[in-house]
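Coordinate analysis (summary)
Given next are the chains, with one letter for each unit.
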Amino acid sequence: MTTGAASWLPLSPGERSVAIEVLVHGPLSRTELARRLDLSPGSLTRLTKPLIESGLLIEVSEAGAPAEARQGRPSQPLDVVAESRSFLGFKITEDMVYGVVTTLRSDIVARHDRPLATHDPAEVADLLAEMTAELARAHPRIAGVGIGVGGLVQDRAVVGESPFLLWRDVPLAALVEERTGLPVVVENDVAALVEAETWFGAGRGLDRFVVLTIGAGIGYGLVLGGKRVPYAEEDRGFGRHWIVNPNGPLTPDGERGSAVSLLTIPNIRYQVRAATGRDHSYEEILALAAAGEPMPARVIDEAARALGTLVAQIANFAMPQKILLAGEGVGLMDVAGKAVEGSIRAQRHPLAAPIDLETKVSDFHDWARGAAVLAIQVLVLGALEV
């Protein structure tokens, strides 16, 4: 396989800035682009010319269609050719691999999932290569592959530690590159989701932004100055020691009253099972709580108040312009949103500004899309420091 992206690389720092600005915020007029980047008209022309010649940028009409060639009319907005290249994103869970194909603007155009029967790194890489080959048959202009993994990832290439896959120091990027011939980037799955939302989603254009995910675990991502803040303990049990209720439940995973103990799907199921002797899915527990069943309702109410406390603490200290609540567990808001809001109010100053809290039900294809955005960032724009 070939990437087909060589004609776009390498980009100079100035060209990269222009390309990113148009990719994330376009289409943009030259006047607006020059204003955003504080460039003179001459400098902008110098930087955009090679990007247009390479096919990365195109002049479009106001309606978004390609502009007809006109002499002396360099006023058409500039945009990227979103369908000119495709990107693969994979999200690896304990028992599945979820795959997507996206455009240059991260719009999902195809999905392909396969069960994961083994955690052997070589066999997982074989499966990813098979999925890549199958997706590439229908989408031949693949420019890169992104992979999201729950765990600690080093240098966007090596899975240093993954509790779900029981991996340690697995060079996943190299294994998949050997089998596909495509450039591969690997990242922690929450970090990938944060990057996707910062560039193309709820955090686009914001200076301070937070992503909080609830589901199998608790995920947290902070964006300052428009860039994600990396941290050493990324996905090493985040939330396990974030105590939101010292008198809360003690579960197999997490300290007493921690965010993990109160909010994660496995521990919510554990609490209901311990109290009732019956095993229910998360969706069933939400439905029972909504119907007023005492024990499920109590567990969900405790989870809602814990979530409100967590959101308020984040807002109090990080002061974000927006908090995005995502993940498989956000159905909690539909059943107990008022309890969440009440807990937020109780933990905030009476005169504090309202929190812009946006919720997004995320399936695993959204996580895979986040991985594809890594491929867009690193492989097309060469933006290794994003």
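Our subject is the structure that appears above.
Our subject in this report is the structure included herewith.

Considering the packing of helix α2 (residues 30–37) against helix α3 (residues 41–53)
- Where α2 contacts α3, the axes come no closer than 11 Å and their chain directions differ by 115 degrees. Relative to α3, the crossing made by α2 is right-handed. Residue-level contacts link Arg-30, Leu-33 and Ala-34 of α2 to Leu-44, Thr-48 and Ile-52 of α3.
- Split into classes, the residues belonging to the contact of α2 with α3 amount to four nonpolar, one polar and one charged.

Regarding the pattern of salt bridges
- For the structure on display, the rule yields 20 salt bridges.
- Notably, a salt bridge pairs Asp-126 with Arg-179, separated by 2.6 Å at the nearest N-O pair. Within this pair, whereas Asp-126 is found in helix α4 (residues 121–138), its partner Arg-179 is found in helix α5 (residues 172–180), the two being separated by 53 residues in sequence.
- Note on Arg-179: relative accessible area 31%, which makes it partly exposed.
- For Arg-298, the salt bridge is made with Glu-302, and the minimal N-O distance between the two is 3.8 Å. Here Arg-298 and its partner Glu-302 are both found in helix α10 (residues 294–318), four residues apart, which amounts to about one turn of the helix.
- Judged by its relative accessible area of 52%, Arg-298 is exposed.
- The network of salt bridges with shared partners includes Glu-21, Glu-32, Arg-35 and Arg-36.

A look at the sheet that holds strand β14 (residues 322–327)
- Pairing within the open sheet is mixed, and its five strands lie in the order β13-β12-β11-β14-β15. Every other strand in the sheet has two partners, leaving β13 (227–228) and β15 (357–361) as the edge strands with one partner each.
- Inspection of the sheet shows strand β12 (residues 218–224) paired to β13 by two bridges, in the antiparallel sense. Across the sheet, Leu-224 pairs through a bridge with Lys-227, a residue of β13.
- Along the sheet face, helix α6 (residues 189–200) touches β11 (208–214), β12, β13, β14 and β15 and points at about 135 degrees away from the line of β11.

Quick notes on the packing of aromatic side chains
- Within the structure shown, the criterion is met by three aromatic pairs.
- Pairing Tyr-98 with Phe-364 gives two aromatic rings, centres 4.8 Å apart and planes at 25 degrees, and the pair type is stacked. With Tyr-98 in strand β4 (residues 96–102) and Phe-364 in helix α12 (residues 364–380), this residue pair connects regions lying 266 residues apart in the sequence.
- On the accessibility criterion, Tyr-98 (15% relative accessible area) is buried.

Quick word on the environment of Arg-369
- Examined against the element boundaries, Arg-369 turns out to sit in helix α12.
- For Arg-369 and Ala-196, which are 173 residues apart along the polypeptide, the C-alpha to C-alpha distance reads 7.4 Å.
- When sequence neighbours within four positions are dropped, the list of residues in contact with Arg-369 reads Val-100, Ser-106, Ile-108, Ala-196, Glu-197, Phe-200 and Lys-360.
- One polar contact links Arg-369 to Ser-106, side chain to side chain, over a distance of 2.9 Å.

Digging into the pairing of β14
- The buried count for β14 comes to six of six residues, which makes it a mostly enclosed element.
- Side chains Lys-322, Leu-324 and Ala-326 project from β14 onto one buried face, and the interleaved Ile-323, Leu-325 and Gly-327 project onto a second face that is buried too.
- Both β11 and β14 contribute to a ladder of five bridges, which runs parallel. Each residue of the ladder has a partner; that of Leu-212, found in β14, is Leu-325.
- Relative to β15, β14 runs parallel, the two sharing five bridges. By the bridge assignment, Leu-324 is partnered in β15 with Glu-358.
- Assessed by its sense of winding, the connection that carries the chain from β14 through helix α11 (residues 332–346) to β15 is right-handed.

A few points about the sheet that holds strand β7 (residues 152–154)
- Taken together, three strands build an open sheet; the order of strands is β7-β8-β9 and the sheet is antiparallel. What marks the edges here is a single partner per strand, and that holds for β7 and β9 (167–170). Each strand of the sheet is rotated relative to its neighbour by a mean of 20 degrees, with strand direction disregarded.
- In the sheet, strand β8 (residues 158–162) pairs with β9 via three bridges, with the strands oriented antiparallel. Across the sheet, the residue bridging to Glu-161 is Arg-168, located in β9.

What counts, and at which threshold
- Residues numbered from 1 in each chain as written.
- Predicted model: local features only at pLDDT ≥ 70, side-chain atom pairs only at ≥ 80, totals over all residues.
- Heavy atoms only, no water.
- Axes fitted to C-alpha atoms, helices over the stretch in contact; angles between N-to-C directions.
- Helix = DSSP H or I, 4+ residues; strand = E, 2+ residues; numbered from the N terminus.
- Left-handed = near helix turned anticlockwise from the far one by under 90°.
- Contact = heavy atoms within 4.5 Å.
- Nonpolar A, V, L, I, M, F, W, Y, C, P; charged D, E, K, R; others polar.
- Salt bridge = Lys/Arg side-chain N within 4 Å of Asp/Glu carboxyl O.
- Buried < 20%, exposed > 50% of the residue type's maximum accessible area, 1.4 Å probe, protein only.
- Pairing = 2+ DSSP bridges.
- Phe/Tyr/Trp six-rings, centres within 6.5 Å; stacked < 30°, edge-to-face > 60°.
- Polar contact = N/O pair within 3.5 Å; in protein donor to acceptor, adjacent residues only side chain to side chain.
- Right-handed = clockwise from strand over helix to strand, strands pointing away.

Keep in mind that these numbers describe shape and distance, not what the molecule does.
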